[in-house]
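Fold and contact review
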Amino acid sequence: MEWITAENVIAVGTALLGVLVTLAVVWIDRFSPQRKRLGYRVQLNTPLHREENQDSGVQTVREGQVVGMATPTDGSTLVLLRIENDRELDISSEDYGAAADPHGLRITFGERTVQGVVATIPAGWDSVREDLERTPTLGRNGSAVLVPKVALERGQYFKLLVQLSGGVADRDIKIDGSLQGGTIRRNRSTTPDEKPPRFSPTARNVTLVLTACVVALAAIIVRERTPPPIGCARGALTVTGSTAFAPALREAAKRYEEDCEGSTVTVDVHGSTAGIRELAEAGAKAGKGSPAVIALSDGHAPGGFPELRESMVAVSLFTLVLNDGTPVGNLTLDQVGRIYRGEIRYWSEVGGPDLPILLVSRDANSGTREVFQRRVLGHNEPANSSRDCEHLDDAASKVIRCELDSTEQVLAAVARLPGAIGYTELRASDGRKGLHRVSVDGRGPAVDELGASPYPYREIEYAYTWGLPRADSLTSSFLTYLRSGRGQDVISAHGHLPCATPKGLKVCGDG
């Protein structure tokens, strides 16, 4: 399906994540079982003697006796604790620990002795005051404060002012006890100078997740709506077919990807005939519509594929190549035909050394071979008679002939074997050591002379699609790129004549 793309999958997944997080928070806040929680925090921890600290700017003052406590001595400390119900569920006196334990909480202050303790309760909370006064009442035992089992409704609290024998660190203040169906935990202390957080932890986390989802969706939408440059298209395309035209195709694909962001053009060539078959298979799998495949063919595609649509792209030149050990630079069409029929078997018969002629050819999928047979020989090459291109494996054959899979293999074999002759796309032979080009009837391959010279070994490069591709598709865009503008420059640089040029129109029109 066309809508199943990476961008769409990410967009849908992000939107679902945002919805699921929102639903999960609503369920947790409204429907999930809540746990009871008793929280405590240290709101004051200060000595009771006069002290001025010039570095910290802190002053503490003692004047007389603190109400309800022992007479303080130097070194005494006051600690103010707030005990609170900080969840939605009420806490009853039955929720504290075991029934055998008369007190609900035990508060310790490290090694310090508790000299006195008083409790304060907001006005109107009589039930909290009664629980603190009920036996066993609020008391102390050595270094511990013993707190009754106080029932606290949602949001209720009480404070304990504790006088200690010396200073104590906040981290050493601990509360021991248990709460059935809940927990006892320390909360962060809030002072008048502090501002309460704008969001609760849950609200903050939900806000962060939803913000991330919105940003991700916006990025995808902006990217998706950014149009490609004029004449460009996004997507993936495979170009197959002619090996002779492959160097020009690879550079054109690279330039197109540079000019058109978001496009991927893969050049995977195996010969003209093989490329047409690959295109036909892709078309059959696609059913309706045109698959993102272009097949380049040296000359017209074979019959039997009425769905093919062709476009003329360029004129390609080919050449015969001969091992440098055979100093023959020209052959007539008749001599070439007789060599490939096995009527001329030694180079000495055409003015060369006394060497046997070795025919190095391409396989049956090769468009270069098809052009050679159609334009130069006028008939098919003889059967394959050698596996190593040097020795005759078929005693009934008149000529030593082998077939190789690529132009590169043909060039390497011709350069290596004395007496070997082969054929190739013109530019592929540039700069190759060990071989040279051979003219035909005194005429060599030259792009500048096309139209004026009847040099035979040339062919039109056709681009084939399966049906007519959409005008906004990458297939259509890349075909247009090959036939015009920068694509023409690439094709010319590789020794081909673009059909869309004034000279190319005439040559391609003459066929």
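Structure report, in brief. In this text the structure is predicted, and so the values were computed from the model without any measurement.

The next subject is the sheet that holds strand 7 (residues 139–141). Judged by pairing direction, the sheet is antiparallel, and its 4 strands sit side by side in the order 7-8-5-10 without closing on themselves. Of all the strands in the sheet, the pair left with one neighbour each is strand 7 and strand 10 (173–176). Geometrically, the sheet is characterised by an average inter-axis angle of 25° between neighbouring strands, direction not taken into account. Sheet topology note: the strand 7/strand 8 (residues 144–147) ladder contains 3 bridges and is antiparallel. Within strand 8, the position partnered with Gly 139 by the bridge is Leu 146.

We now examine the environment of Leu 308. Mapping Leu 308 onto the fold places it in strand 15 (residues 308–323). When residues no more than four places from it in sequence are discounted, the contact partners of Leu 308 are Ile 276, Leu 279, Ala 301, Tyr 464, Thr 465 and Trp 466.

Moving on to helix 11 (residues 502–510). Of all the residues in helix 11, the buried ones are Gly 504, Val 507 and Cys 508. End-on view of helix 11: buried residues confined to an arc of 95°, all on one side of the axis. Opposite the buried face of helix 11, by more than 90 degrees, sit the exposed residues Pro 502, Leu 505, Lys 506, Gly 509 and Asp 510. Next to the buried residues of helix 11 lie strand 15, strand 21 (458–466) and strand 22 (497–498). Gly 511, located one to two residues past helix 11, shows a positive phi value of around 80°.

With mixed pairing, the 5 strands of this open sheet are ordered in space as 6-9-4-1-11. Both edges of this open sheet fall to strand 6 (114–120) and strand 11 (182–186), since each of them pairs with a single strand only. The average undirected angle you get between the axes of adjacent strands in this sheet is 20°. The sheet contact formed by strand 4 (residues 77–85) and strand 9 (residues 157–164) spans 8 bridges and is antiparallel. Across the sheet, the residue bridging to Ile 83 is Phe 158, located in strand 9.

Before going further, it helps to examine the packing of helix 4 (residues 246–259) against helix 9 (residues 474–483). Packed helices, taken two at a time, are described by the angle their axes make and the gap between the axes. Two numbers describe how helix 4 lies on helix 9: the axes approach to 11 Å, and their chain directions differ by 115°. The handedness of the crossing between helix 4 and helix 9 comes out as right-handed. The residues of helix 9 that touch helix 4, namely those facing Leu 249, Ala 252, Ala 253, Arg 255, Tyr 256 and Asp 259, are Leu 474, Ser 477, Phe 478, Tyr 481 and Leu 482. Taken together, the residues of the contact of helix 4 with helix 9 break down into 8 nonpolar, 1 polar and 2 charged.

Take the pairing of strand 8 next. Alternating residues of strand 8 divide into Ala 144 and Leu 146 and Val 145 and Val 147, and every residue in both groups is buried. When strand 5 (residues 105–109) meets strand 8, the two strands line up antiparallel, connected through 4 bridges. Of the residues in strand 8, the one forming a bridge with Leu 105 is Val 147. Once strand 7 ends, the chain turns through 2 residues before running back antiparallel as strand 8, passing Gly 142 with a positive phi of about 65°.

Moving on to the state of the cysteines. Scanning all chains against the criterion turns up 3 disulfides. Across the disulfide from Cys 232 sits Cys 260; the S-S distance is 1.9 Å. Taking the torsion about the S-S bond as the criterion, the Cys 232 to Cys 260 disulfide, at about -60°, is left-handed. Taken as a pair, Cys 232 in the loop between helix 3 (201–225) and strand 12 (235–241) and Cys 260 in the loop between helix 4 and strand 13 (263–267) lie far apart in primary sequence, 28 residues in all. Per residue, the accessibility class of Cys 232 equals that of Cys 260, and both read buried. Covalently, Cys 499 is tied to Cys 508 through a disulfide, its sulfur atoms 2.0 Å apart.

To continue, consider the packing of helix 6 (residues 333–341) against helix 7 (residues 367–377). Running from N to C, helix 6 and helix 7 cross one another at 130°; their axes reach a closest spacing of 10 Å. Relative to helix 7, the element helix 6 is oriented oblique. Along the contact surface, helix 6 presents Leu 333, Val 336, Gly 337 and Tyr 340, while helix 7 presents Phe 372, Val 376 and Leu 377. Counted by class, the contact of helix 6 with helix 7 contains 6 nonpolar, 1 polar and no charged residues.

Right, let's talk about the packing of aromatic side chains for a bit. Under the defined criterion, the tally for this structure stands at 9 aromatic pairs. Measuring from centroid to centroid gives 5.2 Å for Phe 318 and Tyr 457, while their planes differ by 25°, and the two rings are stacked. Here Phe 318, found in strand 15, pairs with Tyr 457, found in the loop between strand 20 (435–440) and strand 21; they are 139 residues apart in sequence, far enough to count as distant. Like Phe 318, the residue Tyr 457 is buried in the burial classification. Note on Phe 372 and Tyr 423: the rings are 4.7 Å apart at their centroids and 25° apart in plane angle, and the pair reads as stacked. Of this pair, Phe 372 sits in helix 7 while Tyr 423 sits in strand 19 (residues 420–425), placing them 51 residues apart in sequence. The two residues Phe 372 and Tyr 423 agree in class, both being buried. Cation over ring: Arg 82 sits above Tyr 157, and NZ or CZ is 3.7 Å from the ring centre.

Definitions and cut-offs
- Residues numbered from 1 in each chain as written.
- Predicted model: local features only at pLDDT ≥ 70, side-chain atom pairs only at ≥ 80, totals over all residues.
- Heavy atoms only, no water.
- Pairing = 2+ DSSP bridges.
- Helix = DSSP H or I, 4+ residues; strand = E, 2+ residues; numbered from the N terminus.
- Axes fitted to C-alpha atoms, helices over the stretch in contact; angles between N-to-C directions.
- Contact = heavy atoms within 4.5 Å.
- Buried < 20%, exposed > 50% of the residue type's maximum accessible area, 1.4 Å probe, protein only.
- Arc of directions from axis to C-beta.
- Left-handed = near helix turned anticlockwise from the far one by under 90°.
- Nonpolar A, V, L, I, M, F, W, Y, C, P; charged D, E, K, R; others polar.
- Disulfide = S-S within 2.5 Å.
- Parallel < 35°, antiparallel > 145°, perpendicular 65-115°, else oblique.
- Phe/Tyr/Trp six-rings, centres within 6.5 Å; stacked < 30°, edge-to-face > 60°.
- Lys NZ or Arg CZ within 6 Å of the ring centre and 35° of its normal.

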